[in-house]
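Here are the chains, one letter per residue:
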Amino acid sequence: MSRLENFIPFDCLSESHLQEIQGQIEVIKLAPGRLLFKRGQTSDKAYFLVEGSLDLTDASFQVRHFTADDDENYLALDNYPEHTINAISAEATTLYAIDRNKLDLLMTWTQAAESMLDEGDDESERDWMDALLSSELFAAVPPAMIHSLFVKFEEREVQLGETIVTEGEDGDTFFVIKQGKAMVSRSKGAKQETLAALSAGRFFGEDALISDSPRNATVTMTSDGIVMCLGKKDFQSILQDSVIRHLTEDELDTMVLEADTACILVDVRLPMEFRHDRTPGARNIPLNELRREVHNLEKDFFYVVCGDGRRSELGAYILSEAGLNAYVLDRGKPADAEQQNTMVEQA
């Protein structure tokens, strides 16, 4: 990662963003005389020369020998949707590659957050924003809405042992831990079962807001700290509406025909409900098991959640939060032509 920090735009990223980027980097090793890309070829990758050298040939057949220690090696190589040169390895060469759209989104989020920070803000102000922006959930939030989202949060000081949300109560707030630590627990008979430990940048409370159901767990501070609070109305208008996408049956049929990847139908109802009213071709993953199962799902597919309105919306949110391409199926609603064209473009 220290090598990557020599390149723009990685030199201005925070530590948390660099850690997030690390999992997105593909290492490419070329033997001498191998083609990396050719002129006129389209590419969704940005390439950074780390070791070795390349011969770069333009449309006039002028060749430039470009080495990893060249003074101008601080940007992605020929970073255009359609390449303008040929790039061939002149010796054993190592490059880093990253999806250009992912990089573009990351930089948009980073600069949007930076614009909100004042000179006097401490590191914790940056950290909680960075942690949120690094989460897969925010890949679905339009960058233009990032500023609107952050200004709606309100800061609240909390104490060791303070209960932030209580299992069984109605929910009206989404929380992000800015400073401190917390514990998530749930009733199991007469005892409390510990489910997770939360630290700065972790968020909670969204399930009850999306499903309009009582809180499904208790969150208690295990240290003094600060939490950032976003009200239900703002959460729904900015976050939920951005993340949860709906499909009609007609739009689903079109996507299945047009998409390059497989479509998986997921029914999040209870097994008994699923057996009595089975959705043809659907896989039953009950909502209470979805977070445990989501890591076993293939990221290259797209998922359509069906079954029941509120539960389907929460299921799609959980899948989106994990970085999956997810929709809610609205049964019995035909798509007009404009909507259908929009969904095909998104697919």
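One numbering rule holds for all chains: residues counted from 1, following each sequence as written. Local features are withheld for residues below a pLDDT of 70 in this predicted model, meaning they are given only at 70 or higher, and side-chain atom pairs are given and counted only at 80 or more; totals for whole chains, interfaces and linings count all residues. Neither water nor hydrogens contribute to the side-chain values; these are computed over all heavy atoms in the structure.

You'll find the chain entered in an unreviewed UniProt entry as Cyclic nucleotide-binding domain-containing protein, with Alcanivorax sediminis given as the organism.

S.K.: Teacher, can you tell me more about the overall build of the chain here?
M.R.: The helix and strand inventory of the chain stands at 11 helices and 20 strands. In the chain, 72% of the contacts between residues at least 6 apart in sequence involve partners at least 24 apart. Throughout, the Shrake-Rupley method with a 1.4 Å probe supplies accessible areas, and for residues the shown protein chains are the sole cover considered. By element, 46% of the accessible surface of the chain is carried by carbon and sulfur atoms, the whole surface being about 17,900 Å². Runs of E in the DSSP output that reach at least two residues are strands. Runs of H or I that reach at least four are helices, and both are numbered from the N terminus. Should any heavy atoms of two residues lie within 4.5 Å, those residues are considered in contact.

S.K.: Sorry, what's going on with helix α6 (residues 232-243) here?
M.R.: Each turn of an α-helix holds 3.6 residues, which means side chains three or four residues apart point in the same direction. The buried label applies to any residue whose accessible area, calculated with a 1.4 Å probe on protein chains only, is under 20% of its type's maximum; exposed applies above 50%, and partly exposed to all values in between. Among the residues of α6, those classed as buried are Phe235, Ile238, Leu239, Gln240, Ser242 and Val243. The buried side chains of α6 occupy one side of the element, clustering within an arc of 160° when seen end-on. Opposite the buried face of α6, at more than 90 degrees from it, the exposed residues are Lys233 and Asp241. The elements touched by buried residues of α6 are α4 (146-152), β10 (173-179), α5 (206-211), β15 (225-231) and α10 (309-321). When we speak of the arc, we mean the arc of directions from the helix axis to the C-beta atoms.

S.K.: Would you explain the environment of Arg331 in this entry?
M.R.: Following the sequence through the fold, Arg331 ends up in the loop between β20 (325-330) and α11 (337-346). Once the C-alpha coordinates of Arg331 and Asp250 are considered, the two residues, 81 residues apart in sequence, prove to be 9.4 Å apart. In this structure, Arg331 is in contact with Glu249, Thr279 and Cys306, ignoring residues within four places of it in sequence.

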